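Listed below, chain by chain, are the residues.
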Amino acid sequence: MPTVHLVVGLLVVALNLAAGLVGAWCWLRVTPSVAFWHLLRAGQAAIVVQLLLGVLLLALGHAPRGDLHILYGVLPVAISFIAEQLRIGSAEAGLEARGHQSAQEVGRLPEAEQRVVVLSIVRREVGVMTISCLVIVVLALRAATEAGGFW
C-alpha cells in the first residue's frame, strides 16, 4: 500500500507539473487550451486519490516520519479549493475590469469585442489555476521528501 501511495504521489506531481507548464504556455500566448483543463482536472482527481490513500494508510497504522508529511499532503486539496474559488471570482473581476455588469451585457457586444472579453477572462482563470498547479507540485514534492519517498 505505501508503494501505491508513492506512485500516486508521483502521478500528482507529473499531472500538476504538466498542467502548470501547459497553463503557463497558454497564459503567455493568450490561447485557450482544452488539454490544460483536462490535465488540471486529472491532477485534481489524483490529489483526491492520494489523500484517500494517505488516510487509509494512517487508519492501517502506517505513520509517516513526521507531521509535516500530513500537512503537505492535505494542503494540495485546500489549494485546489481556494484556486477554484479565485477562478470563479476572476470571471466577475474580468467583467468588472472592462466595465460590464453581466455576461448578457457582453453578449450584446460585437463578436470581436466579445472574443476579447472572453479571452481576458479565460486568461485570468488559466493564470490562477496554473499557479495553483505549480504550488501543488512543490507541496507534493515536500510531502514526498518528508516521508522519505525521495532521497
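About the criteria used
Residues numbered from 1 in each chain as written. Predicted model: local features only at pLDDT ≥ 70, side-chain atom pairs only at ≥ 80, totals over all residues. Heavy atoms only, no water. Salt bridge = Lys/Arg side-chain N within 4 Å of Asp/Glu carboxyl O. Helix = DSSP H or I, 4+ residues; strand = E, 2+ residues; numbered from the N terminus. Buried < 20%, exposed > 50% of the residue type's maximum accessible area, 1.4 Å probe, protein only. Patch = residues over 30% accessible without salt bridge, like charges linked within 9 Å, V, L, I, M, F, W, Y side chains within 5 Å. Areas by Shrake-Rupley, 256 points an atom, 1.4 Å probe, with all protein chains shown as cover. 1 Å grid on protein atoms, 1.4 Å probe; cavity = no way out; pocket = protein on both sides within 12 Å on 5 of 7 lines; lining within 4 Å. Points joined across faces, edges and corners; volume = space filled by probe spheres on them. Nonpolar A, V, L, I, M, F, W, Y, C, P; charged D, E, K, R; others polar. Expected span 1.5 Å × (residues − 1). Bend = angle between axes of the 7 residues up to and from the residue. Contact = heavy atoms within 4.5 Å. pLDDT = per-residue confidence, 0-100.

## Comments concerning the pattern of salt bridges
Link 1 in the chain: For the structure on display, the rule yields 4 salt bridges.
Link 2 in the chain: Taking the shortest distance from any N to any O, the salt bridge between R87 and E125 comes out at 3.8 Å. One end of the pair, R87, is in helix α3 (residues 67-97); the other, E125, is in helix α5 (residues 111-147), and 38 residues separate them in sequence.
Link 3 in the chain: Taking relative accessible area as the criterion, E125 reaches 14% and is therefore assigned buried.
Link 4 in the chain: For E146, the salt bridge identified is with R142, shortest N-O distance 2.8 Å. With E146 and R142 both in helix α5 and 4 residues apart, this pair spans about one turn of that helix.
Link 5 in the chain: With a relative accessible area of 33%, R142 lands in the partly exposed category.

## Considerations on a nonpolar patch on the surface
Link 1 in the chain: Where nonpolar side chains cluster on the molecular surface, the patch consists of M1, V4, L56 and L60 and spans about 350 Å² of accessible area.
Link 2 in the chain: Within the secondary structure, L60 sits in the loop between α2 (34-59) and α3.

## Details of the layout of surface pockets
Link 1 in the chain: In this structure, the largest pocket spans a volume of roughly 620 Å³.
Link 2 in the chain: For the lining of the largest pocket, the secondary-structure elements that each account for two or more residues are α1 (2-29), α2, α3 and α5.
Link 3 in the chain: Taken together, the residues of the lining of the largest pocket sort by class into 21 nonpolar, 8 polar and no charged.

## So, α3
Link 1 in the chain: In a regular helix each residue adds 1.5 Å, so 31 residues correspond to 45 Å; α3 covers 43 Å between its end C-alpha atoms and thus fits that length.
Link 2 in the chain: Along its length, α3 reaches its greatest deviation from straightness, about 25 degrees, at L75, and the proline P76 lies no more than four positions downstream.
Link 3 in the chain: Looking only at α3, the buried set comprises H69, Y72, P76, S80, A83, E84, R87, S90, G94 and L95.
Link 4 in the chain: Residues of α3 that are buried sit in contact with α1, α2, α4 (103-107) and α5.
Link 5 in the chain: Remark: G99 follows α3 within two positions and exhibits a positive phi of approximately 80 degrees.

## What to know about the confidence of the model for the protein chain
Link 1 in the chain: With 98% of its residues at a pLDDT of 70 or more, the protein chain shows a mean pLDDT of 90.
Link 2 in the chain: Averaged over each element, pLDDT in the protein chain is lowest for α4 (76) and highest for α2 (96).

## Let's talk about the environment of V106
Link 1 in the chain: Looking at the element boundaries, V106 is found in helix α4.
Link 2 in the chain: In this structure the C-alpha to C-alpha distance between V106 and L95, which are 11 residues apart in sequence, comes to 8.3 Å.
Link 3 in the chain: Every residue in contact with V106, bar those within four places of it in the chain, is listed here: L95, H100, Q114 and V117.

## Structural notes on unusual backbone geometry
Link 1 in the chain: In this model, V30 sits at a positive phi of 50 degrees, which is unusual for a non-glycine residue.
Link 2 in the chain: Within the fold, V30 resides in the loop between α1 and α2.
Link 3 in the chain: Exposure remark for V30: the relative accessible area of 36% places this residue in the partly exposed category.

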